[in-house]
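Chain by chain, the residues:
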Amino acid sequence: MRTPVLTALSSQAPQDSITVCGWVRTKRDSKTFSFLEINDGSCLRGIQAVVDAGVPGSEDLPKITTGASVQVTGRLVASQGQGQAWEIQVTALTLTGPADESYPLQKKGHSMEFLRQIGHLRARSNLFGAVFRTRSRMAFAVHTFFQERGFVYVHTPIITASDCEGAGEMFRVTTLPQGSAAKPEEDFFGKPSFLTVSGQLEAETLACALGSVYTFGPAFRAENSNTSRHAAEFWMIEPEMAFCDLQGDMDMAEEQMRYLARVMLAQCAEDLAFFTKMVDKGLTDRLKLVAEQPFKRVSYREAVDILLSSGQEFEFPVVHGHNLQSEHERYLTEKHFQCPVIVFNYPKEIKPFYMRQNDDGETVAAMDVLVPGIGEIIGGSQREERPERLRAAMEHHQLREEDYWWYADLRKYGTVPHAGYGMGFERLLMFVTGVSNIRDVIPFARTPGTADF
RNA sequence: UCCGGUGUAGCUCAGCGGCAGAGCGGGUGGCUGUUAACCACUAGGUCGUAGGUUCGAUCCCUACCGCCGGAGCCA
């Protein structure tokens with residue numbers, strides 16, 4: 001029975017017999033013994049194993065190099081050296097699988113670009129081990145956050161026949177042979193079908209039955225976006241709440257961000273310290289800010305006024321009624337407020353049809369959460385629950401009623417105010433790890449021109 | 001898709017219109033309770049691809065491809 005390295009290193013007392021399995025990070029030879037540093041992914045640190053010449057298996061030491069997998073059994077003892085509290089005095093060593101000199105990971109650092117080319121091995125590096133452990137913790141924390149608040153986890157379809165809200169270009173799903181002249185009616189679903197870009201509209205139908213729900217699953221965008229913040233396949237968290245307005249929506253988004261920052265600080269301390277040291281010196285302080293301070297909230301109108309009177313030179317002009325550019329959002333959260341900011345009540349012309357129109361006739365009850373370093377991390381809104389207003393909005397956006405009949409039905413039968421938002425899971429991970437490229441917070445990134453592994 | 005940058009040893013990068021360089025990694029030997037160990041020796045290259053300019057191009061020019069940064073789209 002193997003003991004995870006994390007458990008071994010957390011031991012309170014010496015142990016007579018312990019078995020650890022993992023991959024060798026470094027080996028340092030002496031004449032009469034060798035040090036192996038063994039990492040098994042359970043935590044950032046490895047455990048030091050001391051192998052005296054002559055113990056069973058030590059004849060394989062010449063073949064045990066960086067990258068090899070080994071099993072060691074021995075006594076857990078206080079280390080005589082300085083760098084670690086515990087080490088294993090090995091009594092039996094097994095070379096499980098050698099790694100020859102072509103093993104690409106060195107002890108020294110590699111560039112992120114190189115590590116992406118060896119996506120099948122990069123999880124064995126310190127940084128990517130930490131990133132993927134964090135990803136798991138954060139995913140679990142997302143579930144506990146909503147479950148503790150009575151939300152129902154719902155699974156919305158991944159294959160869809162409705163171009164929901166036109167959120168982006170979609171990947172076509174078909175069983176028709178390539179180049180087929182067959183009509184969509186002859187295809188598998190009897191109509192054109194696609195990979196989902198968002199589960200929001202379906203989630204709304206479930207919220208209008210179960211109260212508060214959330215989705216947490218993959219979404220797909222066939223946009224030719226070549227940026228560090230966009231992937232063609234990404235995971236999205238989409239809560240949807242019945243009997244909730246924009247205020248409640250913003251409150252929940254802020255509470256969720258705060259909760260996740262606290263989980264990161266409390267439960268990923270070792271990995272967080274590593275990110276702060278190696279990736280982003282300001283990371284821990286920024287997370288503390290999010291965990292402790294209330295977010296600033298400004299209306300779109302106020303935000304534009306702040307930008308106009310900032311005296312700041314922007315590449316793109318600030319204009320009332322135009323969308324905020326990335327540089328504008330970054331200025332608000334990084335320079336002006338220096339904390340997370342929620343901007344709400346956007347002009348209706350720049351927002352999708354389903355957002356609830358405000359009484360001023362010009363704006364909709366939309367909100368974006370902006371965080372330093374990332375920009376927009378959450379986008380949400382109160383949904384239009386009034387049938388006649390929704391119909392007018394669809395007409396204005398030139399959407400066909402027959403495509404959204406079921407969505408409109410929610411307003412026809414027992415309509416309620418409701419609201420929700422979408423959070424990009426990878427963007428969250430970028431925020432809590434400091435990693436600046438979305439390709440490096442998902443094990444196998446799908447971006448234009450790249451679908452390796 | 002647009003703008004800018006970049007491509008040289010396994011990795012990270014210098015370099016230069018005229019014989020291809022370092023550090024790290026690899027190999028060999030040595031040394032040491034070591035810890036991104038240390039010391040010595042050693043192997044390793046179609047300088048992204050294709051054209052062009054030139055007596056001569058890794059270097060200058062053009063195109064293409066890859067990657068990086070920024071923008072748009074958004075999460």
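So, here is what we can say about the structure in this document. All values derive from a computational prediction rather than experimental measurement.

Some thoughts on unusual backbone geometry
One non-glycine residue, Asn 345, lies in positive phi territory at about 60 degrees. Mapping Asn 345 onto the fold places it in strand β13 (residues 341-347). Residues other than glycine seldom take positive phi values, yet Phe 453 does so here, at roughly 70 degrees. Its location among the elements puts Phe 453 in the segment after α12 (425-433).

Some points on the nonpolar core
Within soluble globular proteins, side chains that are nonpolar tend to cluster in buried spots. If you look at the biggest cluster of nonpolar residues, it comprises 65 residues, and the most contacted ones within it are Met 138, Met 257, Met 367, Val 369, Ile 378, Phe 425 and Phe 431. Tallying contributions element by element places helix α3 (residues 126-148) first for this core, with 11 residues. With near-sequence residues (within four places) excluded, Phe 431 lies in contact with Met 257, Leu 283, Arg 286, Leu 287, Val 290, Val 371, Pro 372, Ile 374 and Ile 377. Counting residues in each nonpolar core, the second largest holds 29 residues, with Leu 201, Tyr 331, Leu 370 and Ala 393 among its members.

What about the sheet that holds β13?
Within a beta sheet, neighbouring strands are joined by backbone hydrogen bonds and run either parallel or antiparallel to one another. Strand order in the open sheet formed by eight strands is β6-β10-β11-β16-β15-β14-β13-β12, with mixed pairing between adjacent strands. In the strand order of this sheet, the two ends are held by β6 (152-153) and β12 (296-299), each with one partner. Contacts from helix α5 (residues 246-267) reach β11 (233-242), β12, β13, β14 (363-371), β15 (375-383) and β16 (418-424) within the one sheet, and its direction differs from that of β16 by about 30 degrees.

Some points on the protein's contact with RNA strand B
Close to RNA strand B lie 52 residues; Asp 29, Arg 116, Thr 227, His 230 and Arg 427 are nearest. Counting only atoms of RNA strand B within 4 Å of the protein, the sugar-phosphate share comes to 50%. In this structure, a base oxygen belonging to RNA strand B sits 2.6 Å away from a side-chain N or O atom of Gln 80. Gln 84 is positioned such that a nitrogen or oxygen atom in its side chain is 2.9 Å from a base oxygen of RNA strand B.

Comments concerning a nonpolar patch on the surface
Residues Ile 158, Ile 159, Phe 188 and Phe 189 make up a contiguous nonpolar surface patch of about 400 Å² in total accessible area. Relative to the helices and strands, Phe 188 resides in the loop between β8 (172-173) and β9 (193-195). Among the residues examined, Phe 188 registers a relative accessible area of 60% and is labelled exposed.

Quick word on the sheet that holds strand β2 (residues 33-39)
Strand order in the closed barrel formed by five strands is β1-β2-β3-β5-β4, with mixed pairing between adjacent strands. Going across the sheet, the axis of each strand differs from the next one's by a mean of 55 degrees, ignoring polarity. Note: strand β1 (residues 15-29) against β2, six bridges, orientation antiparallel. The residue of β2 that forms the bridge with Arg 28 is Phe 35.

Quick look at helix α11 (residues 405-412)
For α11, the complete set of buried residues consists of Tyr 407, Leu 410 and Arg 411. Seen along its axis, α11 keeps its buried residues to an arc of 95 degrees; they face one direction. Exposed positions of α11 whose direction lies more than 90 degrees from the buried face are Trp 405 and Lys 412. Of the surrounding elements, those touching the buried residues of α11 are α4 (200-210), β15, α10 (387-396) and β16. Two residues or fewer past α11, Gly 414 is found with a positive phi of approximately 60 degrees.

Conventions used here
Residues numbered from 1 in each chain as written. Chains lettered and ligands numbered in written order. Predicted model: local features only at pLDDT ≥ 70, side-chain atom pairs only at ≥ 80, totals over all residues. Heavy atoms only, no water. Helix = DSSP H or I, 4+ residues; strand = E, 2+ residues; numbered from the N terminus. Core = buried A, V, L, I, M, F, W, Y, C linked by side-chain atoms within 4.5 Å. Buried < 20%, exposed > 50% of the residue type's maximum accessible area, 1.4 Å probe, protein only. Contact = heavy atoms within 4.5 Å. Pairing = 2+ DSSP bridges. Axes fitted to C-alpha atoms, helices over the stretch in contact; angles between N-to-C directions. Near = heavy atom within 4 Å. Polar contact = N/O pair within 3.5 Å; in protein donor to acceptor, adjacent residues only side chain to side chain. Patch = residues over 30% accessible without salt bridge, like charges linked within 9 Å, V, L, I, M, F, W, Y side chains within 5 Å. Areas by Shrake-Rupley, 256 points an atom, 1.4 Å probe, with all protein chains shown as cover. Salt bridge = Lys/Arg side-chain N within 4 Å of Asp/Glu carboxyl O. Arc of directions from axis to C-beta.

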